[in-house]
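For reference, the chains in residue letters:
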Amino acid sequence: MERFEITLPSLHVSALQQSALCGVVSSGNLEVMIEANSTPESCHFEVNTSADGFQDIWRAVLADFSERHKVGGLNISINDAGATPAVVSLRLTQAYEESQEGSDA
Amino acid sequence: MSTQQEWNTLGQSRTRRLERASKFAEGKNVHPDHIVQLLEAVLEPGDRLCVEGNNQKQADFLARAMVQTDPQQVRDLHLVQSVLALPEHVDLIERGQVSRIDFSFAGPQAGRLARLVESNRITIGAIHTYLELFGRYFIDLTPQVALVAAQMADRQGNLYTGANTEDTPAIVEATAFKGGIVIAQVNQIVDTLPRVDIPADWVNFVVQAPTPHYVEPLFTRDPSLITETQVLTAMIAIKGLYAKYGITRLNHGIGFDTAAIELLLPTYATDLGLKGKICTHWALNPHPTLIPAIEAGFVKSVHSFGSEVGMEKYVAARPDIFFIGADGSMRSNRAFSQAAGHYACDLFIGSTLQIDLHGNSSTATKDRIAGFGGAPNMGADARGRRHASPAWIKAGQEARGDTYMPRGQKLVAQVVETFREHMEPAFVEHLDAWDLAKAAKMILPPVMIYSEDLTHIITEEGICHLLLCRSDEEREQAIRGVAGYTPVGMGRDKRAVENLRDRGIIERPEDLGIDTRQANRDLLAARSIKDLVHASGGLYDPPKKFRNW
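Here, residues in each chain are numbered from 1, in the same order as that chain's written sequence. Chains carry letters and ligands carry numbers; both start at the beginning, A for chains and 1 for ligands, and go up in the order they are written. Predicted model: local features are reported for residues with pLDDT of at least 70 only, side-chain atom pairs are reported and counted for 80 or more only, and whole-chain, interface and lining totals are derived from all residues.

### Details of the overall build of chain B
Scanning chain B from terminus to terminus reveals 19 helices and 19 strands. Restricting the calculation to C-alpha atoms gives the radius of gyration, and the globule rule supplies 2.2 Å times the number of residues raised to the power 0.38. Taking 2.2 N^0.38 as the reference for a compact globule, 549 residues should give roughly 24 Å; the C-alpha atoms of chain B span a radius of gyration of 24 Å, in line with that estimate. Structurally, chain B occupies a C-alpha span of about 75 × 55 × 50 Å along its principal axes. With C-beta atoms placed from the backbone, a residue counts as buried when 20 or more other C-beta atoms lie within 10 Å of its own, as exposed when 12 or fewer do, and as partly exposed for counts between those limits. In chain B, buried positions account for 56% of the 549 residues. For the purposes of this entry, the term helix denotes a DSSP run of H or I that reaches at least four residues, the term strand denotes a run of E that reaches at least two, and both are numbered from the N terminus.

### A short note on the overall build of chain A
Each helix and strand counted, chain A has two helices and five strands in total. From first element to last, N terminus to C terminus, chain A shows the α and β order β-β-β-β-α-β-α. Looking at chain A as a whole, 37% of its 105 residues qualify as buried. Throughout, a pair of residues is in contact if the C-beta atoms placed from their backbones lie within 7 Å. Restricting the contact set of chain A to residue pairs at least 6 apart, pairs at least 24 apart contribute 88%.

### Here's the deal with the interface of chain B and chain A
Listed as interface residues are 13 residues of chain B and, on the opposing side, 13 residues of chain A. For this classification, Asp, Glu, Lys and Arg are treated as charged, while Ala, Val, Leu, Ile, Met, Phe, Trp, Tyr, Cys and Pro are nonpolar and the rest, including Gly, are polar. Of the residues belonging to the side of chain B that touches chain A, the class tally is five nonpolar, four polar and four charged.

### Looking at the environment of A114 of chain B
Residues and elements named next belong to chain B. Structurally, A114 can be placed in helix 5 (residues 110-118). Distance in space between the C-alpha atoms of A114 and L467 is 35 Å, their sequence separation being 353 residues. Residues in contact with A114, not counting those within four places in the same chain, are D367, R368, I369 and A440.

### Remarks on the domain arrangement of chain B
Residue and element names in this part refer to chain B. Each domain's limits were defined by an automated method or a database of domain assignments. One can read the domain layout of chain B as domain 1 (10-208) and domain 2 (223-532). The straight-line distance from the C-alpha centre of domain 1 to that of domain 2 is 34 Å. Opposite the 32 residues of domain 1 that make contact, domain 2 presents 32 residues. With six residues, helix 5 is the single largest residue contributor to the side of domain 1 that touches domain 2. When grouped by side-chain class, the residues that make up the side of domain 1 that touches domain 2 number 16 nonpolar, 10 polar and six charged.

### Considerations on the packing of helix 8 (residues 228-245) of chain B against helix 9 (residues 256-271) of chain B
All names here are of chain B. Think of each axis as a best-fit line through the C-alpha atoms, taken over the contacting stretch in the case of a helix, with angles from 0 to 180 degrees between the N-to-C directions. Where helix 8 meets helix 9, the axes come as close as 8 Å, and the angle between the chain directions of the two elements is 65°. Compared by their axis directions, helix 8 and helix 9 come out roughly perpendicular. Note on packing geometry: the crossing formed by helix 8 with helix 9 is right-handed. Listed contacts from helix 9 to Q230, V231, T233, A234, M235, A237 and I238 of helix 8 are F256, D257, A260, I261, L264, Y268 and A269. Among the residues making up the contact of helix 8 with helix 9, the classes are represented as 11 nonpolar, two polar and one charged. Here the angle decides the label: under 35 degrees means roughly parallel, over 145 means roughly antiparallel, 65 to 115 means roughly perpendicular, and every other value means oblique. For any helix crossing, the convention is left-handed if the near helix is rotated counterclockwise from the far helix by under a right angle, and right-handed if that rotation is clockwise.

### Points about the sheet that holds strand 16 (residues 411-415) of chain B
Residues and elements named next belong to chain B. A pair of strands is considered paired only if DSSP assigns at least 2 bridges between the two. Ordered in space as 12-11-10-13-16-17-18-19, the eight strands form an open sheet in which the pairing is mixed. Looking at the sheet topology across the chains shown, the edges are occupied by strand 12 (301-303) and strand 19 (506-507). Here four bridges tie strand 17 (residues 456-459) to strand 18 (residues 462-465), and the two strands are oriented antiparallel to one another. Looking across to strand 18, one finds that T459 is bridged to G462.

### Describing helix 2 (residues 85-100) of chain A
A helix is expected to span 1.5 Å for every residue after the first. End to end, helix 2 of chain A covers 22 Å across 16 residues, agreeing with the expected 22 Å (1.5 Å per residue, within 8%). Counting buried residues in helix 2 of chain A gives 13 out of 16 residues, a clear majority hidden from the surface.

### Details of the nonpolar core
Residue and element names in this part refer to chain B. By size, the foremost hydrophobic cluster in this structure holds 194 residues, and its most contacted members are V148, A150, A184, M235, A237 and L264. The element contributing the most residues to this core is helix 8, with 10 residues. Each of two domains, domain 1 (10-208) and domain 2 (223-532), supplies a minimum of three residues to this core. In contact with A150, other than residues within four places in its own chain, are L159, Y160, T161, T168, A184, V186 and I198. Each nonpolar core reported here comprises buried Ala, Val, Leu, Ile, Met, Phe, Trp, Tyr and Cys residues connected via C-beta atoms within 7 Å.

### Some points on unusual backbone geometry
Phi is mostly negative for residues that are not glycine, and the peptide bonds are mostly trans. All names here are of chain B. Phi is positive for N120, which is not a glycine, with a value near 60°. Relative to the assigned elements, N120 resides in the loop between helix 5 and strand 5 (123-127). Residue N120 is classed as exposed on the basis of its C-beta count, with 8 C-beta atoms lying within 10 Å. The phi dihedral of C279 falls on the positive side, at around 55°, and the residue is not glycine. Mapped onto the elements of the fold, C279 is located in the loop between helix 9 and strand 11 (281-283).

### So, the confidence of the model for chain B
Summary of the metric used: pLDDT quantifies the predictor's per-residue confidence within the range 0 to 100. A residue-level look at chain B finds 100% of positions with pLDDT of 70 or above and a mean pLDDT of 96. Prediction confidence for the complex, expressed as pTM and ipTM, is 0.95 and 0.88 respectively.

### Description of the pairing of strand 4 (residues 42-49) of chain A
Residues and elements named next belong to chain A. Along strand 4, the buried face is formed by C43, F45, V47 and T49; none of S42, H44, E46 and N48, which line the opposite face, is buried. Pairing between strand 1 (residues 2-9) and strand 4: eight bridges, direction antiparallel. Within strand 4, the residue paired with R3 across the bridge is N48. Both strand 4 and strand 5 (residues 74-80) contribute to a ladder of seven bridges, which runs parallel. Pairing of N48 across the sheet is with N79, part of strand 5. When the strands point away from the viewer and the path from the first strand over the helix to the second turns clockwise, the crossover is right-handed. In the classification by handedness, the crossover that spans strand 4, the intervening helix 1 (residues 55-68) and the parallel strand 5 is left-handed.

### A few points about the environment of V47 of chain A
Residues and elements named next belong to chain A. You can see V47 is positioned in strand 4. Exposure remark for V47: the 22 C-beta atoms within 10 Å place this residue in the buried category. In this structure, the C-alpha to C-alpha distance between V47 and E5, residues 42 residues apart in sequence, is 6.1 Å. Not counting chain neighbours up to four residues away, the residues in contact with V47 comprise R3, F4, W58, I78 and D80.

### Describing the packing of helix 1 of chain A against helix 2 of chain A
Residue and element names in this part refer to chain A. Where helix 1 contacts helix 2, the axes come no closer than 11 Å and their chain directions differ by 30°. By the angle between their directions, the pair helix 1 and helix 2 is classed as roughly parallel. Relative to helix 2, the crossing made by helix 1 is right-handed. Residues I57, V61 and F65 of helix 1 form the contact with helix 2, whose participating residues are P85, V88, S89 and L92. Class assignment of the residues belonging to the contact of helix 1 with helix 2 gives a composition of six nonpolar, one polar and no charged.

### A closer look at the environment of A106 of chain B
Residue position: A106 of chain B is located in the loop between strand 4 (98-103) and helix 5. When the C-alpha positions of A106 of chain B and L539 of chain B are compared, they lie 32 Å apart, and in sequence the two are 433 residues distant.

What follows is the structure, encoded as structure tokens:
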């Protein structure tokens, strides 16, 4: 088990996000939860992972995600049960898109 | 002319062998108890021997008999067969009866084979593609003795190979017409065969095996094990490759990545309006995961290398799709289907374990000599091809630009997740194949797809159109650009990759208009083996190990 937090710069979210929960923890899978916070120019990640020793890869995945999407002002909590970076990226994107839904109106 | 030239030494050899064997047979008929003695009588030191080991069907009874022969007498054999699948095939090497092998694939025995090579117990001639080995059967690797498997024989020795005909015609034709001896194990001897697949006068001996020959269900993929990443890469393949080129004629490799594509045809591809425009004509074994696409009317024709356990009834009930005899059962043929995959298909797509910075890919790892079967043959541009198709011409124009002489190109794609299980990167600086070649003293590293043939790589990061690259540097960055967070991917030049993306050489899912929220197992037309049985109207009868209900 490893737990760490990272705060990364990102553009402010375009609209008020609704909390979104996407994914369930199971073998090779993970849980992502998105909530609003009070720091508009950065995104705060909290990662709980069952696999030790992959912090560099996590940082790279999360940095790309914060660069590609406007997630400033969000807290993103990740519970990982040994997912590959592919699954992490996919889940993050799915959770982000899910949280965008309904907020455009 | 002072000396008399003898022109029929092969015929005399055959006569000699048949005479020695005659006391262990009644005509062509051999009692199972006498098979070991018959093999000892027929074989001579130095013989090239084929113990029919296909991808699927195995002459297992005859292989077991071979390891009971006297090693003092039956020795110095040169094994020439497409697949080393059974433990007995390798036992023959350990027993010192086989000193040289030429083959195509050794998946299940790959580890043992590697150890025998390292300890100098065996010499590997070469690891061939199927077509290449069959070709050599007719040039310089013709077997003196072939041990084959058929479903039934009649009293004259005609053989019915049925749905799993596979390699048998190629093996028997080469052997029977070059002075060799053909021995067939059959499950059943009957008065009248459903049809004749191999004529009796090409067969010297028939033995009824005490148990039916083994068939490996190699092409069954349980949809319940398909991941969402594989759904995503399948969406990328359908939109970024199949739709873009209008690919109608193709072959899929074995694996969950391509199974996911098959299961997205009735859903995602249909929603995109692609029915009738892609994936109509196939060189493919009867993959259970193709059932929903067939039922949805997506597929017009399938020719098969072999059959698949449990698919016999379904296949027989779809004679418009598969190649079915007048008797009502399918006939497969590995040689013809490989030729079809090479010359008549516009796309080969499959998975691999490692891809290097040039785009060479291999499934070889350090301690396993596995070979690749048909992939190198189907995953290679057919330089002899002379007929045009829109997909082939488009790929050729992209790869070569406007050249004086117009030519097309085969589309060859590898689909991988950037990390395999246990966080093993699929992208590497150097293939393990180099280490294996060194350890096994091979002249060539075992590469499955050469970089010059590879046109596309698909990962969860997107698709790269390697055929649009104009320099080695561009190619390397295109590969790094879809290699994700592997060391190779992290080593990318970000600006170069963004430039490739601007030029459409790399396309991310969002560039293709793919909504990743759809990358969900709900998009699969079947999510379990049971769903496949339902889709087949109960005709698909999966092997026990795939049933969990």
